Amino acid sequence: MERREVRAFVTWARGRGLVGELVVPRARIAAPSVFMTDEEQAEQLHRCLGDDSLPLDVRTAGALTLLFGLQHTKLLELTVRDVIDDNETMALDLAGHRLPLPPEVARLVRAQRDQCQERWQLDQTASTTPWLFPGQEPARPLGATYLNLKLRRDGIAPRAGRNNARLALATDLPASVLADFTGTSISNATRWTGYARRDWLDYIASRTQI
């Protein structure tokens, strides 16, 4: 039985007076350990922005991951309606918070939106939701596991790229802003601002040299 299942059972049993003050501590969240060098991150981002041989969804998801550290579960919740576009500037609506996009990334997101919107309009009976990253079945978005596989297959390291991006953002943004900016929880953002301390950065630098 996993720890979270034991905690749920103990909570249930305590509520019914079946056990005493028994406490199951929460599992500690391990610090991130998978990173890439700045050069690797820049090279992968350059490929996402400029390599037309890569699938459009890989380029778009890869760029958003490498720049903003977005979790793929959040990324795959986006619909074409979450793309805010006034033909001059573009942003993503992340649960009510706007994430402004630089021009080259905006170009990819606009192309991805147009492609998916056209596909959705051709067969609206198959899905009531115009996903920004639709899956094989129009009614469902692309699966997070499959997106990770597609990125890795085309030479994009999603986990390391996400960690690099979040660490870079955490060095400049307070936790509350980081949470809004990346669509993550305040507790997760607080952990990243803690990781961004100088001693942690020195540790990361030493790991990339091993």
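Residues numbered from 1 in each chain as written. Predicted model: local features only at pLDDT ≥ 70, side-chain atom pairs only at ≥ 80, totals over all residues. Heavy atoms only, no water.

### Some words on the pattern of salt bridges
- According to the stated counting rule, one finds seven salt bridges in the structure shown.
- Put simply, Arg47 and Asp51 hold a salt bridge, and the shortest N to O gap is 3.9 Å.
- Take Asp51: its relative accessible area is 22%, and that puts it in the partly exposed class.
- The residue Asp85 makes a salt bridge to Arg110 at a minimum N-O spacing of 3.0 Å. Linking Asp85 in strand 1 (residues 83-85) with Arg110 in helix 5 (residues 103-122), this pair joins segments that are 25 residues apart in sequence.
- For Asp85, a relative accessible area of 22% puts it in the partly exposed group.
- The exposure class assigned to Arg110 is partly exposed, which follows from its relative accessible area of 25%.
- One salt-bridge network, held together by shared partners, links Asp85, Arg110, Arg113 and Asp114. (Salt bridge = Lys/Arg side-chain N within 4 Å of Asp/Glu carboxyl O. Buried < 20%, exposed > 50% of the residue type's maximum accessible area, 1.4 Å probe, protein only. Helix = DSSP H or I, 4+ residues; strand = E, 2+ residues; numbered from the N terminus.)

### What about the nonpolar core?
- Residues Leu64, Leu75, Leu92, Leu101 and Val109 are the most contacted members of the largest nonpolar core, which totals 34 residues.
- Those elements giving two or more residues to this core turn out to be helix 2 (38-50), helix 3 (56-68), strand 2 (90-94), helix 5 and helix 6 (144-153).
- Take this core: its biggest share by element is seven residues, from helix 3.
- Filtering out sequence-adjacent residues up to four positions away, Leu101 remains in contact with Leu64, Phe68, Met90, Ala91, Leu92, Ala106 and Val109. (Core = buried A, V, L, I, M, F, W, Y, C linked by side-chain atoms within 4.5 Å. Contact = heavy atoms within 4.5 Å.)

### Regarding the environment of Trp120
- Here Trp120 is to be found in helix 5.
- When its relative accessible area of 16% is taken as the criterion, Trp120 is described as buried.

### Regarding a negative patch on the surface
- On the surface, Asp38, Glu39, Glu40 and Glu43 cluster together into a negatively charged patch.
- Locating Glu39 in the fold gives a position in helix 2. (Patch = residues over 30% accessible without salt bridge, like charges linked within 9 Å, V, L, I, M, F, W, Y side chains within 5 Å. Areas by Shrake-Rupley, 256 points an atom, 1.4 Å probe, with all protein chains shown as cover. Lys, Arg positive; Asp, Glu negative; His and termini not counted. Charge placed at Lys NZ, Arg CZ, Asp CG, Glu CD.)

### Things to note about the environment of Leu94
- Tracing the backbone through its elements, the reader meets Leu94 in strand 2.
- On a C-alpha basis, the gap between Leu94 and Asp82 in space is 7.5 Å, while along the polypeptide they are 12 residues apart.
- Once residues lying within four places of it in the same chain are set aside, the contact partners of Leu94 are Leu70, Leu78, Leu99, Asp180, Phe181, Thr182 and Gly183.

### Structural notes on the sheet that holds strand 3 (residues 97-100)
- Sheet architecture is open: three strands sit in the order 1-2-3, paired in antiparallel fashion. Pairing within the sheet leaves two strands with one partner each, and these edge strands are strand 1 and strand 3. Taken over all neighbouring pairs, the strand axes of this sheet differ in orientation by 35 degrees on average, direction set aside.
- Across four bridges, the pairing between strand 2 and strand 3 is antiparallel. Residue Leu94 lies in a different strand from strand 3, and its bridge partner there is His97. (Pairing = 2+ DSSP bridges. Axes fitted to C-alpha atoms, helices over the stretch in contact; angles between N-to-C directions.)

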